[in-house]
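# Descriptive structure summary
One-letter residues, chain by chain:
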Amino acid sequence: MADSRRQLPRVDAVLADPRVVAALGRVSRAEAKRTVTETVARARVGDLPAEEVADEVVRLLAGPPIQLRPVLNATGVVLHTNLGRAALSEQAVDALRIAAGHVDLEYDVVTGRRASRGRGTTAALLAAVPAAEAVLVVNNGAAALVLAVTALATGRDVIVSRGELVEIGDGFRLPELICSTGARIREVGTTNRTSVDDYAAAVGDTTGCIVKIHPSNFAVVGYTSTVGVDVLASLGSPLVVDIGSGLLHPDPLLPDEPSASAALEAGAGLVTCSGDKLLGGPQAGLVFGRAELVERLRRHPLARAVRVDKLILAALEATLRGPSSPTRRALLATPEQLRPRAEAIVADLVRHGVAATVEASDGAVGGGGAPGQVLPGVAVALAAEYAEPLRLGDPCLVGRVERSRCLLDLRCIPPESDTALCSAVLAVAAAMG
Ligand SMILES: *Cc1c(COP(=O)(O)O)cnc(C)c1O
C-alpha cells in the first residue's frame, strides 16, 4: 500500500505530461486540475493502476467538456423524455453551428437597423400551417399554455373539462400550472363525460378563456363523451387548444392525435404544442392562432420571460424546412425495413460467439403521445445481463429488458449506427468473457 502510494504521480507532473498538455486546450485550467486530482485520487484507492493515471486523464479530456453523453436509443420509444425527446436532423444540427456565432437574429443587414426576431422561423411555421394567422415560439409547451392563460384569463375563469385536468409527467399537473397564472379554474363535466351544455352553463362575464387539453398520455375508454373544437369555438369565449404533441397536420399513422391545422380549421383561437415531440425539433413551445390573440400574448410581459434563444429558433426553422426528421423516420420504420438490419447484426454477433436472436418488438411513440399505440418493430435480443454493461459502455447503448431478455429495438437507431451497436455488444461480450 505504502509502495503504491509512493508511486502515485503528482498532480503537477500529470498536468505537465505532453499528452495532457495537448488536451488542455479543450478545457479550463481548473477543469484540468480537477480531472487530474480526481484521477490521482482514484489511483490512491486502487481503482486505477498508478501508471495509467495520465492515460485516463487524456481519455477523460478527449471529448467536449460536458457530462452529457450520447446514447444509442434502442428502447423502441421514439420520444423518450429521459433521453432528450426528439433527436435533431442533420440540418438542424448544422443550423445550431451557424446560430452559435453572431447572426442577424434581430438585425436587417440591408438597412443596418433592428429587425423582427426569428422572422425566418415564423415564416417557416406559417408556411407549414397556413390555417394560422400568426405564430409565436416560446420555451416549451408548458410555457405556451401558461402564457396563453396568463394573457387571456388572469383574474378570470378558465373553463376546463374535468376529464382534461391531467398530469403531464414528473408530477407536473396542468391544473396547478393554470392556477399559477392567477386564473381560476372552472371545472365542468365529469371525468368520463362532458357535454356542450356543461361548457355553455359556465361561460359568462368572468370567463377569460375555454381551454381544451389533449389527454395525451392516457386513454379513457368506454362510456365517454367530449366536446369537439368546432362546438367549443361557437360558445363566444376565446378557445385555447393544447394539442401537446405538435402534429401540424392530421396523420393517418397516428389517427388519435389532434393536429394544429385541424384545431385551427375547426375554430380554435389559439393552439399550443411542443416543438420536441412529433414535430421532431428542439425543445420549444408553439402558439398558432388568430392574429389578435397571438398579438396579446406577444405583448404580454411574461412573453419576454419565456422567449427562446437563437439556437432554438435556428434548429426549429431547419427542422421545418428540412427533410423528414429522425423522429418521423423512426415513427415510419416498418418491421420489413428493420428485420434485415437485425438479421445482419445477429449474424455478426453469432459469428463472434454471442447468443443473439432476432425478435419482434413493440415500440411506442413516447413523450406522452399516442398512448397505447403500438409501433410494431424488430429487436436484437440478448441475455438480460447485457442491459447494464451496455448502458455503461462507450457508446452508451440503452435497450429494454423484457421477458428476461435485453431487447435492442432498432426503430430509433439510425442504420449508420448499426456497426457501432454491434461493436458495443461485442465489447461487452468480450468483457463478460
Ligand atoms: C407534453 C405536453 C405538454 C407539455 O409540453 P412541454 O413541451 O413538455 O412543456 C402540455 N400539454 C400536453 C397535452 C402535452 O402532451
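Higher on the page you've got the structure.
Residues numbered from 1 in each chain as written. Predicted model: local features only at pLDDT ≥ 70, side-chain atom pairs only at ≥ 80, totals over all residues. Heavy atoms only, no water.

Take the overall build of the protein next. Secondary structure assignment for the protein yields 19 helices and 18 strands. Principal axes of the C-alpha set define a box for the protein whose edges measure 85 × 55 × 45 Å. Counting every position in the protein, which comprises 433 residues, the buried fraction comes to 45%. A sequence separation of at least 24 residues applies to 73% of the contacts in the protein between residues at least 6 apart. For the protein, the accessible area works out to roughly 21300 Å², and carbon and sulfur atoms hold 54% of it. (Helix = DSSP H or I, 4+ residues; strand = E, 2+ residues; numbered from the N terminus. Buried < 20%, exposed > 50% of the residue type's maximum accessible area, 1.4 Å probe, protein only. Contact = heavy atoms within 4.5 Å. Areas by Shrake-Rupley, 256 points an atom, 1.4 Å probe, with all protein chains shown as cover.)

Next up on the list: the packing of helix α4 (residues 29–44) against helix α5 (residues 53–60). Contact pair α4 / α5: the axes reach a minimum separation of 10 Å and the direction vectors enclose 135 degrees. Relative to α5, the element α4 lies oblique. Between α4 and α5 lies a crossing of right-handed hand. Residues T35, V36, T39, V40, R42 and A43 of α4 form the contact with α5, whose own contacting residues are V53, E56, V57 and L60. Among the residues forming the contact of α4 with α5, the class breakdown is six nonpolar, two polar and two charged. (Axes fitted to C-alpha atoms, helices over the stretch in contact; angles between N-to-C directions. Parallel < 35°, antiparallel > 145°, perpendicular 65-115°, else oblique. Left-handed = near helix turned anticlockwise from the far one by under 90°. Nonpolar A, V, L, I, M, F, W, Y, C, P; charged D, E, K, R; others polar.)

Take a nonpolar patch on the surface next. Together, Y107, V109 and V110 make up a nonpolar patch on the protein surface, roughly 340 Å² of accessible area in all. Counting through the fold element by element, V109 comes out in the loop between β3 (107–108) and β4 (113–114). Accessibility expressed as a relative area gives 61% for V109, which makes it exposed. (Patch = residues over 30% accessible without salt bridge, like charges linked within 9 Å, V, L, I, M, F, W, Y side chains within 5 Å. Salt bridge = Lys/Arg side-chain N within 4 Å of Asp/Glu carboxyl O.)

Take the sheet that holds strand β10 (residues 207–213) next. Judged by pairing direction, the sheet is mixed, and its seven strands sit side by side in the order β5-β13-β12-β11-β10-β6-β9 without closing on themselves. Edge positions in the sheet fall to β5 (134–138) and β9 (184–188), since each of these pairs with one other strand and no more. Between one strand and the next, the sheet's axes are offset by a mean angle of 25 degrees, whatever the strand orientation. Summarising the sheet, strand β11 (residues 239–244) and strand β12 (residues 270–274) pair through four bridges and their orientation is parallel. By the bridge assignment, G244 is partnered in β12 with C273. (Pairing = 2+ DSSP bridges.)

To continue, consider the site of the ligand. In the region of the ligand, the neighbouring residues are R85, N140, G141, A142, I168, H214, S216, D242, G244, S274 and K277. Here R85 contributes a side-chain N or O atom positioned 2.9 Å from an oxygen atom of the ligand. With respect to the ligand, the side chain of S274 contributes an N or O atom lying 2.7 Å from an oxygen atom. Considering the ligand on its own, with 380 Å² of exposed area, one finds that the protein chains cover 93% of that surface. Among the residues forming the shell around the ligand, the class breakdown is two nonpolar, six polar and three charged. (Near = heavy atom within 4 Å. Polar contact = N/O pair within 3.5 Å; in protein donor to acceptor, adjacent residues only side chain to side chain.)

Packed helix pairs are characterised by how far apart their axes lie and by the angle those axes make with each other. Running from amino to carboxyl end, helix α7 (residues 119–128) crosses helix α15 (residues 310–321) at an angle of 30 degrees, the nearest separation of the two axes being 9 Å. For α7 against α15, the interelement crossing comes out left-handed. In this structure, α7 uses G120, T121, A123, A124, L125 and A128 to contact α15, whose residues at the interface are L313, L316, E317, L320 and R321.

All buried positions along α7 are accounted for by T121, A124 and L125. Looking straight down α7, one finds that the buried residues subtend no more than 100 degrees of arc, so they occupy a single side. Looking at the packing, one finds that the buried side of α7 touches β5, β13 (285–289) and α15. (Arc of directions from axis to C-beta.)

The next point concerns the pattern of salt bridges. In the structure shown here, the tally under the stated rule is 27 salt bridges. A salt bridge links D12 to R10, with the nearest nitrogen and oxygen atoms 3.7 Å apart. Note on R10: relative accessible area 57%, which makes it exposed. Shared partners join several salt bridges into a network, and the residues in it are E359, R400, E402, R403, R405 and D409.

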